[in-house]
Amino acid sequence: MAEDLLIRKGSKQLQYETLYPQVEALVSVETDRVANMANMAAALKEQFQWLWVGFYLVKEDELVLGPFQGPVACTRIKKGRGVCGTSWAKAETLIVPDVEKFPGHIACSSLSASEIVIPIIKEGTVVGVLDVDSVLPDQFDETDKIWLEKMLRFIQW
Ligand code: SME
């Protein structure tokens, strides 16, 4: 099977509409979580050209770096720390238009300007987060929240 993505230009909504079934096709034929996280991160990075797209997984009292695309990143984040740890603690998606204004933001890359973090919830418990960073300010909104939350449901957590 060819694994090339069809990359769509246009509005964010159109880009997600094109990407969504392709990610579903990639992920639905595989049961391995790491493989699916890796491909989902790669597909999102390729479509949107964000600075960093990746997963952190809850291991005991920390988030530990999982599959990602982008520059090297911090490996462990405590609950309640940074955007990722706060999203975990609150079990809610956080949209940060300007990372400089988020108290306690963890700057893995000085190039990051805005960020969205989506918690991954299994049976009422947060088991990880999807973190996306952009070099541009104010890049994430309700459209990203809706589509990324939907996309995460493709993976069996
Ligand atoms: N900025 C995140 C840390 C992870 S990196 O962006 C990849 C945070 O504040 O939690």
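Located above this text is the structure these notes cover.
We now turn to the structure provided with this report. Given the structure is predicted, the values throughout are model-derived calculations rather than measurements.

What counts, and where the lines are drawn
- Residues numbered from 1 in each chain as written.
- Predicted model: local features only at pLDDT ≥ 70, side-chain atom pairs only at ≥ 80, totals over all residues.
- Heavy atoms only, no water.
- Buried < 20%, exposed > 50% of the residue type's maximum accessible area, 1.4 Å probe, protein only.
- Helix = DSSP H or I, 4+ residues; strand = E, 2+ residues; numbered from the N terminus.
- Pairing = 2+ DSSP bridges.
- Salt bridge = Lys/Arg side-chain N within 4 Å of Asp/Glu carboxyl O.

**Observations regarding the pairing of strand E1 (residues 52-59)**
Burial runs high along E1: 6 of the 8 residues are buried. Here E1 pairs with strand E6 (residues 125-134) via 6 bridges, running antiparallel. The residue bridging Trp52 from the neighbouring strand is Asp133, located in E6. As paired strands, E1 and strand E2 (residues 62-69) are joined by 6 bridges and run antiparallel to one another. Note on E2: the bridge partner recorded for Val53 is Gln69. The turn joining E1 and E2, which pair antiparallel and follow one another in sequence, is formed by 2 residues; a positive phi near 55° is taken by Glu60.

**A closer look at the pattern of salt bridges**
Pairs can form between side chains of opposite charge once their charged atoms are near each other. Here the structure, examined in full by the defined rule, presents 7 salt bridges. Salt-bridge contacts for Lys145 lead to Glu149; the nearest nitrogen and oxygen are separated by 3.2 Å. Here Lys145 pairs with Glu149, and both are found in helix H4 (residues 142-152), just 4 residues apart, close to one helical turn. We classify Lys145 as partly exposed; its relative accessible area is 23%. Residue classification places Glu149 among the partly exposed residues on the basis of a relative accessible area of 22%. Taken together, the shared-partner salt bridges in this structure form one network comprising Asp61, Glu62, Arg76 and Lys78.

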